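Residues per chain are reported as follows:
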Amino acid sequence: MRRAMRIACAVAVGVLAGACAHGTPPPLHSTRLVVHRTGSGGVRPFVRAKVAGQPMDLLLDTGAIRSILPSKFAQANHLAMRWSRESDERVVDSNGKLWQMPTLPDVPVQFEGEASAGTIDFLMNPSRDTEGILAPQDLLRSGWVLVIDIGREELRYEPEEGALKRLAAETSAPLREIDFHRCLTEGFFERSHRIVSATINGVSANLLVDTGASLTVLTRNNPAIPSLLSRRGDLGTNRAVASMGSGYLLQDVPVVVLETSFVLPVLVLPESPVCGHGALGADVLRRCTLLWGWSSMWAACRAPAEGR
């Protein structure tokens, strides 16, 4: 009998309409990542901050176009809300659920280790979810990068040229510029969703780079699915940004991505997104130092040890 398994997994937020508004980003030099690990091998990276003066752990989510706060938090802290049925963001989560989210403008945010705060315009999650989400693109400006190192539990913000020189000297793995494309269904100036090429069980596919996904995810439209139909797996639950859904966990699936080979569990979801064939999760990305630039991306990935 297959056992049931609950898995905190992909966020992969998609915005169908509306423009991104940004406040003045909070200062960030270097702060630690608080990394949670699940029994299924999943990984979830959080950033500690004061949001509207209250301590909060924000999920660092490269799969999200916008940063998000739960409605319960917004109401408890009397945050101003900009609401319009015509202009609110319409968000589709990884379970295919559509949500309309109003904006919480100019919310004060101060990262752990920083002396001052700035502001971010958040979306408000209308569900009962209690988790905040930080989208890297809300912090970036041209010429700068976020250095995301889940394995070493660190997040840094620095000029791109300086980060490339520093990491070329510090990392043993080769630092490579990564070719990616964005979702054509998004706004012309959106650079948040980044799709990279991967090989799953020997079959080529496109995966969203998504630190908000605790496990690597394949969706129903993934070209590799037919090659995996004979495998037995476990039933699981997929926690998305605003809903819970069902998934199917397969063990020991070979994945080659970012010029590195992995054998790992993947979660198969019944949805077929309009962009990509799934998500490259934090279970893989924890082995990479990722440079997330305004319109560029670099990675230095360490192959897993034999038998892991």
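As the structure is a prediction and not an experimental result, all values here were calculated from the model.

Visitor: Help me out: how do you make sense of unusual backbone geometry in this one?
Guide: Where the residue is not glycine, phi is negative for most of them; where a peptide bond is considered, it is trans in most cases. One non-glycine residue, H78, lies in the positive phi region at around 55°. Looking at where H78 falls in the secondary structure, it is placed in the loop between α1 (71–76) and β7 (89–92). In this structure H78 comes out as exposed when scored by relative accessible area, which is 72%. Non-glycine residue E259 carries a positive phi angle of around 60°. Relative to the elements of secondary structure, E259 occurs in the loop between β19 (244–257) and β20 (260–269). For E259, a relative accessible area of 60% gives the class exposed.

Visitor: Explain the pattern of salt bridges here, please?
Guide: Side chains that carry opposite charge are capable of pairing whenever their charged atoms lie near each other. Under the criterion given, the structure shown has eleven salt bridges. For E131, the salt bridge goes to R44, with nearest N and O atoms at 2.9 Å. With E131 in the loop between β10 (118–125) and β11 (132–134) and R44 in strand β4 (residues 43–51), this pair connects stretches of sequence that are 87 residues apart. For the residue pair E131 and R44, the accessibility class agrees, reading buried in each case.

Visitor: Got a minute to help me understand the side chain of N222 in this structure?
Guide: Here N222 shows up in the loop between β17 (216–219) and β18 (234–239). Within the structure, the side chain of N222 is placed 2.9 Å from the backbone nitrogen of A224, a separation counted as a polar contact.

Visitor: Could you clarify how one ought to interpret the confidence of the model for the protein in this entry?
Guide: For the protein, per-residue confidence averages 87 on the pLDDT scale, and residues scoring 70 or more make up 85% of the total. pLDDT under 50 marks residues 1–6. Its contacts with residues more than four places away, or in other chains, come to 15 contacts. For residues 16–21, every residue scores under 50 in pLDDT, and the model assigns this stretch 14 contacts once sequence neighbours within four places are set aside.

Visitor: How should I be thinking about the pairing of strand β16 (residues 203–209) in this particular structure?
Guide: Successive side chains on a regular strand alternate, one facing one side of the sheet and the next facing the other. Here six bridges tie strand β15 (residues 195–200) to β16, and the two strands are oriented antiparallel to one another. Within β16, the position partnered with S197 by the bridge is N206. Counting the residues in the hairpin turn of β15 and β16 gives two residues, including N201, whose phi is positive at 55°. In terms of strand pairing, β16 meets strand β21 (residues 278–280) through two bridges, oriented parallel. Paired with V209 across the bridge in β21 is L280.

Visitor: Mind showing me how you'd approach the environment of L249 here?
Guide: Mapping L249 onto the fold places it in strand β19. When the C-alpha positions of L249 and D234 are compared, they lie 5.0 Å apart, and in sequence the two are 15 residues distant.

Visitor: What should I look at first to understand the state of the cysteines in this one?
Guide: Note on terminology: a disulfide is the covalent bond linking the sulfur atoms of two cysteines. Under the definition given, this model contains two disulfides. The side chain of C183 participates in a disulfide bridge whose partner is C275; the two sulfur atoms lie 2.2 Å from each other. Because the sign of the S-S torsion sets the handedness, a value of about -95° for the bond joining C183 and C275 places this disulfide among the left-handed ones. Here C183 is found in the loop between β14 (176–177) and β15, whereas its partner C275 is found in the loop between β20 and β21, with 92 residues between them in sequence. In this model, C288 is linked to C301 through a disulfide, with the two sulfur atoms separated by 2.1 Å.

Visitor: Any chance you could explain the nonpolar core here in plain terms?
Guide: Proteins that are soluble and globular tend to have nonpolar side chains buried together. Formed by 59 residues in total, the largest nonpolar core has its most connected members in L69, L146, I148, I200, V257 and L258. Listed in part, the eleven residues of the second largest apolar core include L215, V217, L267 and L269.

Visitor: Got a minute to help me understand the pairing of β4 in this structure?
Guide: Counted residue by residue, β4 has seven buried out of nine residues, so it is predominantly covered. For strand β3 (residues 30–37) and β4, the ladder comprises five bridges, and the chain directions are antiparallel. Across the sheet, the residue bridging to H36 is R44, located in β4. Of the strand pairs in this sheet, β4 and strand β5 (residues 54–60) are connected by six bridges, and their pairing is antiparallel. Paired with A49 across the bridge in β5 is M56. Here β4 folds back onto β5, and the loop between the two strands holds two residues, one of which, A52, carries a positive phi near 55°. Judged from the three bridges that link them, β4 and strand β9 (residues 103–111) form a sheet pairing that is antiparallel. Bridged to A49 within β9 is F111.

Conventions used here
- Residues numbered from 1 in each chain as written.
- Predicted model: local features only at pLDDT ≥ 70, side-chain atom pairs only at ≥ 80, totals over all residues.
- Heavy atoms only, no water.
- Helix = DSSP H or I, 4+ residues; strand = E, 2+ residues; numbered from the N terminus.
- Buried < 20%, exposed > 50% of the residue type's maximum accessible area, 1.4 Å probe, protein only.
- Salt bridge = Lys/Arg side-chain N within 4 Å of Asp/Glu carboxyl O.
- Polar contact = N/O pair within 3.5 Å; in protein donor to acceptor, adjacent residues only side chain to side chain.
- pLDDT = per-residue confidence, 0-100.
- Contact = heavy atoms within 4.5 Å.
- Pairing = 2+ DSSP bridges.
- Disulfide = S-S within 2.5 Å.
- Core = buried A, V, L, I, M, F, W, Y, C linked by side-chain atoms within 4.5 Å.

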